[in-house]
Amino acid sequence: RKEVEQDPGPFNVPEGATVAFNCTYSNSASQSFFWYRQDCRKEPKLLMSVYSSGNEDGRFTAQLNRASQYISLLIRDSKLSDSATYLCVVNILSGTYKYIFGTGTRLKVLA
Amino acid sequence: DTAVSQTPKYLVTQMGNDKSIKCEQNLGHDTMYWYKQDSKKFLKIMFSYNNKELIINETVPNRFSPKSPDKAHLNLHINSLELGDSAVYFCASSSTRYEQYFGPGTRLTVT
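Residues numbered from 1 in each chain as written. Chains lettered and ligands numbered in written order. Predicted model: local features only at pLDDT ≥ 70, side-chain atom pairs only at ≥ 80, totals over all residues. Heavy atoms only, no water.

Engineer: Got a minute to help me understand the nonpolar core in this structure?
Structural biologist: When a protein is soluble and globular, its nonpolar side chains tend to lie buried together. Ranked by size, the top nonpolar core spans 25 residues in total, and within it A:F21, A:W35, A:I71, A:L73, A:I75, A:Y86 and A:L107 carry the most contacts. Every element with two or more residues in this core is listed here: β3 (19–25), β4 (30–38), β5 (44–50), β7 (60–65), β8 (70–75), β9 (84–94) and β11 (105–110) of chain A. With 5 residues, β9(A) is the largest single contributor of residues to this core. Other than its neighbours up to four places away in sequence, A:I75 contacts A:A17, A:T18, A:V19, A:F21, A:R59, A:F60, A:D82, A:Y86 and A:L107. Listed in part, the 20 residues of the second largest apolar core include B:V4, B:L11, B:W34 and B:M46. (Core = buried A, V, L, I, M, F, W, Y, C linked by side-chain atoms within 4.5 Å. Buried < 20%, exposed > 50% of the residue type's maximum accessible area, 1.4 Å probe, protein only. Helix = DSSP H or I, 4+ residues; strand = E, 2+ residues; numbered from the N terminus. Contact = heavy atoms within 4.5 Å.)

Structural data, given as C-alpha cells:
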C-alpha cells in the first residue's frame, strides 16, 4: 500500500462547479499535511497547509480527519485557471522529518 | 527576490557525461532537498540536508552525489549519466517540518 494515495483523475468539471479531492495516508506518525498545486512543466507550489480544525482560503477548503487518516480539498466555483494537478503531501517523523507526496489528482475545468 | 533558484533550467547531454545542478535558497531555511520527477510525474525524494548535514539519502545510485557548501546551497553532481536519469530535478527548502518551497526545476535529457 502506498504511503499517500490519491485518485489520479482526471476530474473534468464545468466552470462554476464544486469539486472535492480526497487523499489517504497510512503512517500514523504523520505530523503535517499540505496541498500543493502543480501546473504542467512547472514546480509544485503550496496551495494550503491543512490544520486539524480544517481551514479555508477563499474558494478552497481543506479538512483533516486523523481518525480515518485522510485529508480533503474542496474547490468551490471552479475557474479555468484551477486546471492543474493537485498533490497531497504528508510530513512524517521517521527518525527525521520526511515529506511524502501523493501521485497527484489532475483537474480540468472546462468552459 | 527569487526564493529557491536552480541552474541550469535545461540540460541536454550524452550518456556517460558528468554534470552538476546548482540550487540556492534565500529564505533562511535550514533544510534543503533534491527530488526527481520522472515521466509518470511521480515526485520522489532523493536527498535531504539539514544545516549542511545529510539526513535523508534514499535508494539512489551512488553516481548521484549531493554537496552542501552552506545551508543556503545544495548542489547535485551526477557521474556517468544514463538514459534513465532523464527527468525533472527539483530542489526545495523548508524549515524542518513546515511547508516546502520548490525551485523551478532542471529538465535533464540524456541522449
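Engineer: Is there a simple way to think about a nonpolar patch on the surface in this case?
Structural biologist: Taken together, the side chains of A:L46, B:L27 and B:Y101 present a nonpolar region at the surface, about 220 Å² in accessible area. Within the secondary structure, A:L46 is located in strand β5. (Patch = residues over 30% accessible without salt bridge, like charges linked within 9 Å, V, L, I, M, F, W, Y side chains within 5 Å. Areas by Shrake-Rupley, 256 points an atom, 1.4 Å probe, with all protein chains shown as cover. Salt bridge = Lys/Arg side-chain N within 4 Å of Asp/Glu carboxyl O.)

Engineer: What exactly am I supposed to notice about the sheet that holds strand β1 (residues 4–7) of chain B here?
Structural biologist: Residues and elements named next belong to chain B. Taking strand neighbours across the sheet as the criterion, the 4 strands line up as β1-β3-β8-β7 in an open arrangement whose pairing is antiparallel. Edge positions in the sheet fall to β1 and β7 (64–70), since each has one partner strand and no second. For this sheet, the mean angle separating the axes of adjacent strands, direction not counted, is 20 degrees. Relative to strand β8 (residues 73–78), β7 runs antiparallel, the two sharing 5 bridges. What sits directly across from F64, in β8, is I78. (Pairing = 2+ DSSP bridges. Axes fitted to C-alpha atoms, helices over the stretch in contact; angles between N-to-C directions.)

Geometric values such as these leave the question of function open.
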